[in-house]
Amino acid sequence: MAASCSTNLITFPPSLRKSALPSHSLSWQASLPSTASFAVGRRVFHRTTNSLVVVVTAMMGAKPTVLVTEKLGEAGLELLKGFANVDCSYNLSPEELCTKISLCDALIVRSGTKVTREVFESSGGRLKVVGRAGVGIDNVDLSAATEHGCLVVNAPTANTIAAAEHGVALLTAMARNIAAADASVKAALFWELISEGPLPVVISNIVFTGECDFGNIEGKWQRGKFVGVSLVGKTLAVMGFGKVGSEVARRAKGLGMQVIAHDPYAPADRAQAIGVELVSFEEAISTADFISLHMPLTPATSKILNDEVFSRMKKGVRIVNVARGGMIDEEALIRALDSGIVAQAALDVFIEEPPPKDSKLVQHENVTATPHLGASTMEAQEGVAIQIAEAVVGALKGELAATAVNAPMVPAELKRFSYINTQVLSELAPFIVLAEKLSRLAVQLVAGGSGVKSVKVTYVSSRGPDDLDTRVLRAMITKGLIEPISSVFVNLVNADFNAKQRGLRITEERVVMDGSMENPLAFIQVQIANVESKFASAISESGEIKVEGRVKDGIPHLTKIGSFGVDVSLEGSLILLRQLDQPGIIGKVGSILGEENVNVSFMTVGRTAPRKQAVMTIGVDEEPSKEALIRIGNLPAIEEFVFLKL
């Protein structure tokens, strides 16, 4: 049953016409949306939801309505109440949420409310903004939000310290077996009290009365059983050196640990300032005694810790995860724990939350588990509440928050910026998509722990510099570079800020060429300097990762990678292969994909000369299994390959 504290809605019987209501005699009482009261003259009407619903804000220009479906800090609620009518309705079922949402201008949720496509469709276009009180937006259908013109904002920074502190708390608790030792001592007290006969027992807020069956609980004072390991001198690998990761590193250094980190965007000077060495992914997982995960959950990081990766770790490694559950293959972790590769794991997040009651992972004796408490401090809760309230109020006022997740990268949202001409947007629309996909492809080619620092973007056009506004394109380049390996959402407002914060220097060059001025651009080129590449053929003669693309018939195409010319539609996912140019390779690769039921959308080959090196580009609709990719890589003529998600 949902609990509701306020609303700003009134209902009228179908027989009552708007013209029959004297404007000076209208009054109303707050109630649940399913029932409402209003007075006309001296008569008071009460109707249910079968009545015609009229929104007060539409009739009287009143305050907007903000629906809050999960508990929010009081400071945030007070801020909201100063601008809007606030409806706190908790524990709504999906059906109740869809019924209520058509009466609301904004919705604020935490992680427990699923904001699905059905919610946006049920809003009837009234819902203007969804605020996620926290960082992750996994529970919000961003595509549906954008389609329905609804802005999504989050609160990405307010819980940074709380998450870092919880990560360190789990690190130390795991190393010293705190949870298991605590349970053992309390169980010993249970047995001692029960031996005196049936009586109420209250320990740690758990109440047992009368005859109780304690099953296999065994309580002992076992100092020898819970001997832990010291943190001093041990190597901690921080996987993801953003806000939370860097704060964990600072605290681990204070505990005397040697700290290394893997993050392709982390500025080397910021890491060096706190005594942290940036290393490759391979070095991080193979040398660490402890691993702490702080990466965003993306297609590239989903189940990044799997059987293969666990097999390359130091035996007896200990793992902490306060980021996202989906980054660990939970079945693989159980196998690694059972085999001793992983000595212990401390987990605050899981693929399914709450985990199933029969979860072997949670029940494992070498796992310490907490119920997603990373942001659960009083200070963090108030900070998140204020940050999300400010973002939602700003959005309702027509402002664009720097924490906007899905805007203004669509034309409808871009139009709110008066300094960007509508005609310019219309012309650049396909190139906006091209810019993001080129940079998204380029950054996925980066290998090692050197980090992306210097990016050069070249716009080739027959128009002069004064006739080509590239500000939107630059923002999209930044978006494509940062979002694939970050939890940050980049928009036109925060693009330069996010680039600067990560030490990312983007330079732009405009090259004027002869040709028709009908199209704003001939092609776009993106180069990333001073990095290693997962695909050596992407390195140009001057030593940078280089990709180039143009728009053909309104569709973005990849036309060059490194020194190889290609012709690839930038849709779906790509497999890039460098091969020796010889007969039969295309057929063999196609057969392997066919056996895996992977549909090929296109396949092209660019070569330097007959029987020399060639680059094969394959577009696929589904992601091939690792086994299929390994089989392709093992073909004798294949020299290297990489799988990329666009």
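All of these numbers come straight from a predicted model, not from anything done at the bench. (Residues numbered from 1 in each chain as written. Predicted model: local features only at pLDDT ≥ 70, side-chain atom pairs only at ≥ 80, totals over all residues. Heavy atoms only, no water.)

## A closer look at the nonpolar core
The condition that has to hold: We call a set of buried Ala, Val, Leu, Ile, Met, Phe, Trp, Tyr and Cys residues a nonpolar core when their side-chain atoms join them within 4.5 Å. Relative accessible area decides the class of each residue, using a 1.4 Å probe on protein chains only: under 20% of the type maximum gives buried, over 50% gives exposed, and in between gives partly exposed. Secondary structure elements follow DSSP: runs of H or I no shorter than four residues count as helices, runs of E no shorter than two count as strands, and numbering proceeds from the N terminus. In what follows, a contact means two residues having at least one pair of non-hydrogen atoms within 4.5 Å.
Core analysis: the biggest nonpolar cluster contains 52 residues, and Leu445 and Ile561 have the highest contact counts within it. Of all the elements, helix α16 (residues 422-444) adds the most residues to this core, at 9 residues. Non-local contacts of Ile561, meaning those with residues more than four positions away in its chain, are made with Leu445, Phe535, Ser537, Ala538, Lys546, Val547, Val566, Leu576 and Val615. Ranked by size, the runner-up nonpolar core spans 32 residues in total, among them Met239, Ile334, Val342 and Ala345.

## Here we look at the sheet that holds strand β27 (residues 555-561)
Heads up, the condition is: Paired strands, in this sense, are two strands between which DSSP finds at least two bridges. A fitted line through C-alpha atoms serves as each axis, taken over the contacting stretch for helices, and the angle formed by two N-to-C directions is quoted from 0 to 180°.
Pairing in this open sheet of 6 strands is mixed, and the strands run β23-β22-β24-β26-β27-β28 from one edge to the other. Only two strands of the sheet have a single partner each, and these edge strands are β23 (505-512) and β28 (564-569). Sheet twist, expressed as the average angle between the axes of neighbouring strands with direction ignored, equals 20°. Both strand β22 (residues 454-461) and β23 contribute to a ladder of 8 bridges, which runs parallel. Note that in β23 the partner of Tyr459 across the bridge is Arg510.

## Topic: the sheet that holds strand β14 (residues 235-239)
Across the sheet, which stays open at both edges, the 7 strands sit in the order β16-β15-β14-β17-β18-β19-β20 with parallel pairing between neighbours. The open sheet terminates on both sides in strands that have one partner only, identified here as β16 (277-278) and β20 (367-369). Across 3 bridges, the pairing between strand β19 (residues 342-347) and β20 is parallel. Bridging from a neighbouring strand, Ala345 pairs with Val367 of β20. With respect to the sheet, helix α8 (residues 243-254) is in contact with β14, β15 (258-262) and β17 (290-293), its orientation differing from that of β14 by roughly 170°.

## Looking at the side chain of Arg126
Quick reminder of the rule: N or O atoms within 3.5 Å of each other form a polar contact, as long as, within protein, one can give a hydrogen and the other can take it, and as long as residues adjacent in sequence are counted only when both atoms are side-chain atoms.
If you trace the backbone, Arg126 turns up in the loop between α4 (117-122) and β10 (129-132). Of note is the side chain of Arg126, whose polar atom sits 3.0 Å from the side chain of Asp105.

## Quick word on helix α2 (residues 74-81)
The condition is simple: As used here, the arc is the angular range of directions from the helix axis to the C-beta atoms.
Among the residues of α2, Gly76, Leu77 and Leu80 are the ones counted as buried. Buried residues of α2, viewed axially, fall in a sector of 100°; they line one side. The inward-facing, buried residues of α2 abut β7 (65-68), β8 (85-90), β9 (106-109) and α14 (378-396).

## As for the confidence of the model for the protein
Low pLDDT means the predicted atomic positions in that stretch should not be read closely. Defined as follows: Each residue gets a pLDDT score, which is the predictor's confidence in that residue and runs from 0 to 100.
Across the protein, pLDDT averages 82, with 81% of residues at or above 70. A low-confidence stretch, residues 1-60 stays under pLDDT 50, and its non-local contacts, those more than four residues away or across chains, total 105 contacts. Segment residues 201-217 is flagged for pLDDT under 50; beyond a separation of four residues in sequence, or across chains, it makes 24 contacts in the model.

## A word on the environment of Glu544
Looking at the element boundaries, Glu544 is found in the loop between β25 (532-533) and β26 (545-552). For Glu544, a relative accessible area of 18% gives the class buried. Residues Glu544 and Val455 lie 89 residues apart in sequence; the distance between their C-alpha atoms is 9.4 Å. A distance of 2.4 Å separates a polar atom in the side chain of Glu544 from a polar atom in the side chain of Ser542.

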